[in-house]
Amino acid sequence: MSLELQITFDCADPDALAHFWADALGYVLQPPPDGFDSWDAALQAWGVPEEQWNSRSALLPADSSGPRLFFQRVPEGKASKNRLHLDVRAAPGLTGDERMAALGTEAERLVALGAEVAYRVEPDGGMEAGFITMHDPEGNEFCLD
């Protein structure tokens, strides 16, 4: 049996959040089905009401080496801290000041895309290597690690 992983985001604006994460992770929007030059054309042909066209979106890894990301519109907003979050590995193999500088540079790039920095934890010379906790444009927590 072969299993694949998909990560699903509940959100208010699937298209906008999908574009943020595509830019953040180097993913690509899932292309429309064969026979259609755009998702709008497919949805129109299938008779989907236009007000539902932004009810979902999906991303694929550009190099086929990661999970599919799926974004689905839900009526309720985010109410509390995530029980599960993504760690974006932005400084693998780096330590100390070099690590935190790389994480800081990546945080700046993601802020320009619409994310916010929540807080920063510095390395402690022991178990803590240092990380930056952020929020995506809809407030979902993720860490630069």
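What counts and what doesn't
Residues numbered from 1 in each chain as written. Predicted model: local features only at pLDDT ≥ 70, side-chain atom pairs only at ≥ 80, totals over all residues. Heavy atoms only, no water. Core = buried A, V, L, I, M, F, W, Y, C linked by side-chain atoms within 4.5 Å. Buried < 20%, exposed > 50% of the residue type's maximum accessible area, 1.4 Å probe, protein only. Helix = DSSP H or I, 4+ residues; strand = E, 2+ residues; numbered from the N terminus. Contact = heavy atoms within 4.5 Å. Pairing = 2+ DSSP bridges. Axes fitted to C-alpha atoms, helices over the stretch in contact; angles between N-to-C directions.

Comments concerning the nonpolar core
For step 1, the next point in the chain: Within the largest apolar cluster, 23 residues are counted, with the highest numbers of intra-cluster contacts made by Trp-21, Leu-59, Phe-71, Met-134, Phe-142 and Leu-144.
For step 2, the next point in the chain: At the level of elements, strand E1 (6–11), helix H1 (14–25), strand E4 (68–73), helix H3 (96–113), strand E7 (131–135) and strand E8 (141–144) are the ones that each hand at least two residues to this core.
For step 3, the next point in the chain: The contact partners of Phe-142, leaving out residues within four places of it in the chain, are Phe-20, Trp-21, His-85, Leu-86, Val-88, Leu-110, Ala-115, Ile-132, Thr-133, Met-134, His-135 and Asp-136.

As for the sheet that holds E4
For step 1, the next point in the chain: If you trace the four strands from one edge of the open sheet to the other, you get E1-E4-E3-E2, paired in mixed fashion. Only two strands of the sheet have a single neighbouring strand rather than two, namely E1 and strand E2 (27–29). If you compare each strand with its neighbour and ignore which way they point, the axes differ by 25 degrees on average.
For step 2, the next point in the chain: Here E2 pairs with strand E3 (residues 56–61) via three bridges, running antiparallel. The partner of Val-28 across the bridge, within E3, is Leu-60.
For step 3, the next point in the chain: Here H1 sits on the sheet in contact with E1, E2, E3 and E4, set at roughly 155 degrees to E4.

Description of the pairing of E3
Looking down a regular strand, the side chains alternate between one sheet face and the other.
For step 1, the next point in the chain: Pairing analysis gives four bridges linking E3 to E4, with the strands arranged antiparallel. If you follow Ala-58 over to E4, its bridge partner there is Phe-70.
For step 2, the next point in the chain: Where E3 folds back on E4, the antiparallel hairpin that results is connected by six residues, among which Ser-64 adopts a positive phi of roughly 65 degrees.

Observations regarding the sheet that holds E8
For step 1, the next point in the chain: One open sheet holds the four strands; their spatial order is E5-E8-E7-E6, and the pairing between them is mixed. Whereas interior strands pair on both sides, the edge strands pair on one side only; in this sheet they are strand E5 (86–88) and strand E6 (116–121). Here the average twist between neighbouring strands, direction ignored, is 25 degrees.
For step 2, the next point in the chain: Both E5 and E8 contribute to a ladder of three bridges, which runs parallel. Within E8, the position partnered with Asp-87 by the bridge is Cys-143.
For step 3, the next point in the chain: Here H3 sits on the sheet and contacts E6, E7 and E8; the angle it forms with E7, its principal contact strand, is near 10 degrees.

Function cannot be read off these values alone, since they describe shape.
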